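# Structure at a glance
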Amino acid sequence: MHEVSLVAELISECERRSAGRPVQLVRVRHASSVAEPALRQAFRMLTEDSRMADTTLEAEAFDVELRCECGYEGALVHDDLIGGSVAVCPACGDVSTLRRTAELELLEVRMAP
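So, here's what we can say about the structure.

Moving on: the pairing of strand β1 (residues 23–31). In summary, the side chains of a regular strand alternate between the two faces of the sheet. Summarising the sheet, β1 and strand β8 (residues 104–111) pair through seven bridges and their orientation is antiparallel. Bridging from a neighbouring strand, Val 23 pairs with Met 111 of β8. In the sheet, β1 pairs with strand β2 (residues 56–62) via seven bridges, with the strands oriented parallel. For Val 28, the partnering residue across the bridge sits in β2 and is Ala 59. Tracing the backbone out of β1, into helix α2 (residues 36–47) and back to the parallel element β2 gives a crossover that is right-handed.

Okay, here's the thing in structure tokens:
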């Protein structure tokens, strides 16, 4: 599950920034190609036995968009992408290369009071 490796990197960065202090909130943006339920499940699984077990994850999605020669213009979901930079048009099945973008962006790490 790709989301687990993304979240593992996220947690490492949060732990580095917190320097041992309790983390109350982690706020992220994620690509529409990353399923939010899988992101949340990976976060719970990887933090459940750690200092971040009580940390709240706030997530907001941003669209990974495709404009295809067939006329399709719209957001892509996980099943429309191969490896994050190759898109399969959901309307016609044509394969395109996308500009690489971060799938997960850390916006805020808020320490507990």
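With 17 residues, the main nonpolar core has Leu 10, Val 26, Val 28, Leu 39, Phe 43 and Met 52 as its most contacted residues. When residues of this core are traced back to their parent elements, those giving at least two are α1 (2–18), β1, α2, β2 and β8. Sort the elements by how many residues they give to this core and α1 lands first, with five residues. Beyond its immediate sequence surroundings of up to four residues, Val 28 is in contact with Leu 10, Leu 39, Leu 57, Glu 58, Ala 59, Glu 60, Leu 104, Glu 105, Leu 106 and Leu 107. Within the second largest apolar cluster, 10 residues are counted, among which are Val 64, Leu 66, Leu 76 and Leu 98.

This part is about the sheet that holds strand β7 (residues 95–97). If you trace the three strands from one edge of the open sheet to the other, you get β5-β6-β7, paired in antiparallel fashion. Both outer strands of the open sheet, β5 (81–82) and β7, are each paired with one neighbouring strand and no more. Where strand β6 (residues 86–88) lies against β7, three bridges are found, and the strand directions are antiparallel. Counterpart to Val 86 in the pairing with β7 is Thr 97.

Attention now moves to the sheet that holds β1. What the three strands build is an open sheet, ordered β2-β1-β8; its pairing is mixed. Both outer strands of the open sheet, β2 and β8, are each paired with one neighbouring strand and no more. Strand-to-strand, the axes of this sheet are offset by a mean angle of 15°, without reference to chain direction. Packing of α1 onto the sheet brings it into contact with β1 and β8, and relative to β8 it is tilted by some 35°. Those strands touched by α2 are β1, β2 and β8, and its axis lies near 155° from that of β2.

Attention now goes to the pattern of salt bridges. Going through the model one piece at a time under the given rule, you end up with eight salt bridges. For the salt bridge of Glu 105 with Arg 29, the shortest nitrogen-to-oxygen distance reads 3.1 Å. Of this pair, Glu 105 sits in strand β8 while Arg 29 sits in strand β1, and the two are 76 residues apart along the sequence. With a relative accessible area of 25%, Glu 105 lands in the partly exposed category. Here the salt bridges do not stand alone but share partners, grouping Arg 27, Glu 60, Glu 108 and Arg 110 into one network.

Rules used throughout
- The residue count restarts for each chain, going from 1 along the sequence in the order it is written.
- Totals for whole chains, interfaces and linings use every residue, but because this is a predicted model, local features are given only for residues with pLDDT of at least 70 and side-chain atom pairs only at 80 or more, for both listing and counting.
- Each side-chain value is derived from all of the structure's non-hydrogen atoms; neither hydrogens nor water enter the calculation.
- At least two DSSP bridges between two strands are needed for those strands to be called paired.
- Note on conventions: DSSP H or I runs of at least 4 residues are helices, E runs of at least 2 residues are strands, and numbering of each starts at the N terminus.
- For the handedness criterion, the strands are oriented away from the viewer, and a crossover whose path from the first strand over the helix to the second runs clockwise is classed as right-handed.
- The criterion is simple. A nonpolar core is a set of buried Ala, Val, Leu, Ile, Met, Phe, Trp, Tyr and Cys residues joined through side-chain atoms within 4.5 Å.
- Only protein chains enter the calculation, and the probe is 1.4 Å; a residue is then buried if its accessible area is under 20% of its type maximum, exposed if over 50%, and partly exposed in between.
- Pairs of residues are marked as contacts when any of their non-hydrogen atoms sit within 4.5 Å.
- Here an angle of 0 to 180 degrees is reported between the N-to-C directions of two axes, which are lines fitted to C-alpha atoms, with helices fitted over the stretch in contact.
- We count a salt bridge whenever a side-chain nitrogen from Lys or Arg sits within 4 Å of a carboxyl oxygen from Asp or Glu.

Bear in mind that shape data such as this cannot, by itself, settle questions of function.
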